[in-house]
Amino acid sequence: MNVKIDGQDASGSGTILDVARSIGIEIPALCRDDRTCAGGHCRACMVEVSGRLLPACTTPVHAGMTIATASPRVREYRRDLGELMLAESKPGGIAAKFVAEWGADGSRYQSMAKKAAPRKDDSHAYLRIDLEKCIVCRRCVAACDEVQGQFVYAVIGRGADARIDWGEQPLASTDCVSCGSCVAACPADAISDIDRQGADRSGRVVTTTCSYCGTGCSLDVHLSSGKVTYIDGAAGSVNDGRLCVKGRYAHTFARCPDRLTVPLIKRKGKFEKATWDEALAFVVSEMERLDGAFAGLSSSRCTNEENYLFQKLMRAGLGTNDVDCCARVCHAPSAAGMREVFGTGAATNELADIERADLFFVSGSNTTESHPVIGARLKAAVLRGAKLIVIDPRRTEIASIADVHLAPRPGTNVLLLNALAAVIVEEGLFDRSFINTRTDGFHEYAQHLRAYSPEKTEAATSCPAALVRRAARLYAESISPMQMHGLGMTEHYQGTEGVMLLCNLAMLVGAVGKEGVGVNPLRGQNNVQGAADMGCQPDLLTGYLPVADPAVRKKFEEIWRVPPPDEVGRRLPEIYDAIDGGRVRGMFILGENVVTTDPDAKRVIRTLSRLEFLVVQEIFLSETAELAHVVLPGACFLEKDGTFTNCERRIQRVRTAVPAPGEARADWEILADLLRRLRVPGSYRSAEEVWNEVRKVAPAFSAATYAEMDADGLQWPADAARPHGTPILHIGEFQKGRAAFKKVDYEPSPAVARAEGPLCLITGRILEHYNSGSMTRRGRNVLIESCDRLEIHPDDAASRGIRDGDRVRVVGKGGEATATAEVTDAVKKGELFLSFHFPESRTNDLTSDIVDRIADCPEYKVTYVDVARI
Ligand SMILES: Nc1nc2c(c(=O)[nH]1)N[C@H]1C(S)=C(S)[C@@H](COP(=O)(O)OP(=O)(O)OC[C@H]3O[C@@H](n4cnc5c(=O)[nH]c(N)nc54)[C@H](O)[C@@H]3O)O[C@H]1N2
Ligand SMILES: Nc1nc2c(c(=O)[nH]1)N[C@H]1C(S)=C(S)[C@@H](COP(=O)(O)OP(=O)(O)OC[C@H]3O[C@@H](n4cnc5c(=O)[nH]c(N)nc54)[C@H](O)[C@@H]3O)O[C@H]1N2
Ligand SMILES: [Mo]
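First things first, this report covers the structure right here in the doc. (Residues numbered from 1 in each chain as written. Chains lettered and ligands numbered in written order. Predicted model: local features only at pLDDT ≥ 70, side-chain atom pairs only at ≥ 80, totals over all residues. Heavy atoms only, no water.)

### Looking at the environment of Arg-339
Part 1 of the argument: Take Arg-339: it is sitting in helix 9 (residues 332-342).
Part 2 of the argument: You can call Arg-339 partly exposed: its relative accessible area is 34%.
Part 3 of the argument: Spatially, the C-alpha atoms of Arg-339 and Met-500 are 9.1 Å apart, while their sequence positions differ by 161 residues.
Part 4 of the argument: Not counting chain neighbours up to four residues away, the residues in contact with Arg-339 comprise Ser-334, Thr-344, Gly-345, Leu-540, Tyr-544 and Lys-736. (Helix = DSSP H or I, 4+ residues; strand = E, 2+ residues; numbered from the N terminus. Buried < 20%, exposed > 50% of the residue type's maximum accessible area, 1.4 Å probe, protein only. Contact = heavy atoms within 4.5 Å.)

Written out as structure tokens, the structure reads:
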């Protein structure tokens, strides 16, 4: 449509505001947030159209319109609006700037000044509300409802009495999840936070990628005098401005006084400061002394470049394939199961598909706490009408809004997923043409499923057959059913097999290889996808190239000028066994706090204490670093360059915002130094140079240049045929050609037979804290959650005399943990949930040595215990 704006010709569709912006004309629009429905509340965007004043943000353009955005009438209107705002409030922020620009000075409507004292709230750990500044534009309400799906705010009162409200209680006691969306949205500073208050907001902004979970949110890090002042969500396909309480607020760890700033060498049981040269020379001499008996554990918190150099150090420098990463204790079963069925072990689709799917099948994922931004996107999709099936023994927040919530007994996913497939087959709901053209083994599979009808499995799973049938029909009948899964699938005795059954389900209904569908593991750590991609696995080199393949080794040798060793290395549990057996005598741990996070923690401590030499590269003196002989201080994500790969295979840039403290160095620089000292050919002057070597060795990344990923990252594979990356895998055919249905029989975990206690303990996460808590405990998140909590059903609590808030002891075969009881029927009778974020709670003293029988992932989700009041 052709229109005239301020005398300029413009064409386009949408609102006047959209078209004006498209030709560079800015209209003040205080209440506009492109992510929410336009409300037209603030009236700041009034423009003149054929003599009438109309709000630009809600008025659609039509052909021939003549629009004036700054006519005398518009200017007079805005000045008057400014006067009204000043009569009713004392706005700060951009609203104050506009009001001043409009020429309002508060002189016109003095008599109207508000009577009642506007409400203030400083109960929250981060947020601060002062309604005296509020212009009632309602952006906070829209942000909380539509962006976050949390519904904390409402507008009460009418006309001049209208005001923002959050119920009777203080903000800290509402459902607020501290995502800060309202803070970012507020144009008047009425809702602000402790980071912004009094901060200089005119400083430099560095865009980078969050280092907590695998969502991979883009961050705008605001700086002043070389320090981080506050962090906002950046625009970008992953988070579109959203963040969670960790990404936005848990950044103060970086400048904590107890950051490691110099290398440490343990002498007579005590750490002493050392120079870099001393420390690295000592590490290299120990590596050379223990030649062939050294193992490495890489860090999924570190960049791709660092993970690449780490495995190169182990392979080319020390001649061992004994290198693993935390994928082993996390989503290794997803990678193994999906690789086996589809040919590629990574998420099939992109997060943007959340907006294209009409049903979500979420299994074993506490999405709103573990991947809060994905959780918020799911909630928004459900609000617009998408269906939701959740499989989780607990009634998590996402389960509470599901159309169908199936709550299986922990460890019975195989039974339940077979039952869901059985319904689809029995009721003829499968996609015959997809099955015929792309899969094998359907008939045997269908036959096999007869033993697993919902009615036959009901007693063991405790999921009502009718509900299972309903879920199966919903999944099969939807057009774009998108799966997402978490550790409730993988951290089990039959973890890998459970994931294979998820693949089967998607194949049955033809939900792979197109938009809005697929099997999507919600990978955990910010760069666990990348750590595995880079080859921090004992059997696979960079880009999933098998180390056992001579042609692969030859190619690496050409580039490294050192051959990778040919024997497949040890996985983490095998490394521990080899330490106990004296075959591994030295170990390098990069950014992993295994003493707190690996199962059967007492055994981990015993085993690591046996090492003749342990070097830990960390940002803090973690519980694991305490056991080391040498500790090397690394730079955290805010202090270095590189890339992280998120759960949708998107490789994104990490950019230096602030300098590292003291003598701490970027992890890649330390690793490059060690490689040089071990006389491995090659040198690197920047993270980009490391990355360019990755592009050479692994075809899947060959086209992924820093320049190509600069704006919004890119999803691998990215090669000559797909230079801009690959949002969706398996279009037309699977990576491995045709895919075969896997028949999986249920095998109860050995924990069931061991029967070491009357209650089944699930361990996992809470929103505010992150893994071993080394970062989130060093900040105000502890004001929101100050200890690990044990969720216990009211009946189990009552029979043990436990009340909400009591300190309790969880007692198992391996030891004891302590926590604060939360009595809730979100867990079933006979089941418990305990988080593991506070090392002093000793959660992992309880977890056992049982692992997934294919991928060796620990069974963190099933441990039999009892509980008592302290
Ligand atoms: N806030 C926060 N976010 C995080 C992390 C953190 O520590 N804190 N860690 C990151 C990491 S490393 C990871 S891997 C991800 C993990 O993210 P999630 O996968 O969401 O992690 P969990 O909370 O461990 O477990 C998920 C759910 O599995 C359910 N579950 C347990 N047993 C079963 C079962 O038998 N069947 C089914 N279907 N479900 C079951 C549990 O009740 C739980 O709600 O989170 C990442 N994000
Ligand atoms: N009971 C129970 N235990 C679990 C789980 C569970 O569900 N239940 N989940 C498991 C899962 S899924 C995972 S992934 C593991 C996670 O286990 P870990 O990886 O051990 O957990 P993190 O606390 O993330 O440890 C990372 C360490 O790296 C350091 N670090 C952060 N950034 C950097 C950096 O840039 N450079 C360096 N050098 N160091 C850095 C941090 O200080 C921290 O100590 O925990 C597992 N443990
Ligand atoms: Mo994880």
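### A word on the pattern of salt bridges
Part 1 of the argument: All chains considered together, the criterion is met by 69 salt bridges.
Part 2 of the argument: Across the salt bridge formed by Arg-394 and Glu-791, the nearest N and O atoms sit 3.1 Å from each other. On the criterion of sequence distance, the pair formed by Arg-394 in the loop between strand 19 (387-391) and helix 12 (397-400) and Glu-791 in strand 34 (residues 789-792) is long-range, its members being 397 residues apart. Summarising the burial analysis for this pair, Arg-394 and Glu-791 share the class buried.
Part 3 of the argument: Linking Asp-712 and Arg-650 is a salt bridge whose minimum nitrogen-to-oxygen distance equals 3.9 Å. (Salt bridge = Lys/Arg side-chain N within 4 Å of Asp/Glu carboxyl O.)

### A few points about the site of ligand 1
Part 1 of the argument: As a matter of local geometry, ligand 1 sits amid 33 residues, with Ser-370, Asp-392, Arg-765, His-769 and Asn-771 nearest to it.
Part 2 of the argument: Contact distances for ligand 1 include 2.6 Å between a nitrogen atom and a backbone N or O atom of His-769.
Part 3 of the argument: Protein chains shield 99% of the accessible area of ligand 1, which is 920 Å² for the free molecule.
Part 4 of the argument: Elements with a contribution of two residues or more to the shell around ligand 1: helix 10 (367-370), helix 18 (487-490) and strand 33 (759-764).
Part 5 of the argument: Residue classes in the shell around ligand 1 are distributed as 10 nonpolar, 17 polar and 6 charged. (Near = heavy atom within 4 Å. Polar contact = N/O pair within 3.5 Å; in protein donor to acceptor, adjacent residues only side chain to side chain. Areas by Shrake-Rupley, 256 points an atom, 1.4 Å probe, with all protein chains shown as cover. Nonpolar A, V, L, I, M, F, W, Y, C, P; charged D, E, K, R; others polar.)

### A look at the sheet that holds strand 4 (residues 52-55)
Part 1 of the argument: If you walk across this open sheet you meet the 5 strands as 2-1-5-3-4, and the pairing is mixed. Only two strands of the sheet have a single partner each, and these edge strands are strand 2 (8-11) and strand 4. Direction aside, the axes of adjacent strands within the sheet are offset by 35° on average.
Part 2 of the argument: One ladder, built from 2 bridges, connects strand 1 (residues 2-5) with strand 5 (residues 66-68); its direction is parallel. Following the sheet pairing, Ile-5 is matched in strand 5 by Ile-67.
Part 3 of the argument: Across the face of the sheet, helix 2 (residues 72-88) comes into contact with strand 3 (46-49), strand 4 and strand 5 while running at roughly 155° to strand 3. (Pairing = 2+ DSSP bridges. Axes fitted to C-alpha atoms, helices over the stretch in contact; angles between N-to-C directions.)

### Side note on unusual backbone geometry
Part 1 of the argument: For the bond running from Trp-716 to Pro-717, omega is -5°, close enough to zero to count as cis.
Part 2 of the argument: Structurally, Pro-717 is set in the loop between strand 31 (714-715) and strand 32 (739-740).
Part 3 of the argument: Look at Val-136: it is not a glycine, yet its phi comes out positive at around 55°.
Part 4 of the argument: Position of Val-136 among the secondary structure elements: in the loop between strand 7 (127-130) and helix 4 (139-147).
Part 5 of the argument: Residue Val-136 is classed as buried on the basis of its relative accessible area of 17%.
Part 6 of the argument: Of note in this structure, Asp-240 is not a glycine but carries a positive phi near 45°.
Part 7 of the argument: Among the structural elements, Asp-240 can be located in the loop between strand 13 (227-233) and helix 6 (245-249).
Part 8 of the argument: By relative accessible area, Asp-240 is classed as partly exposed at 36%.

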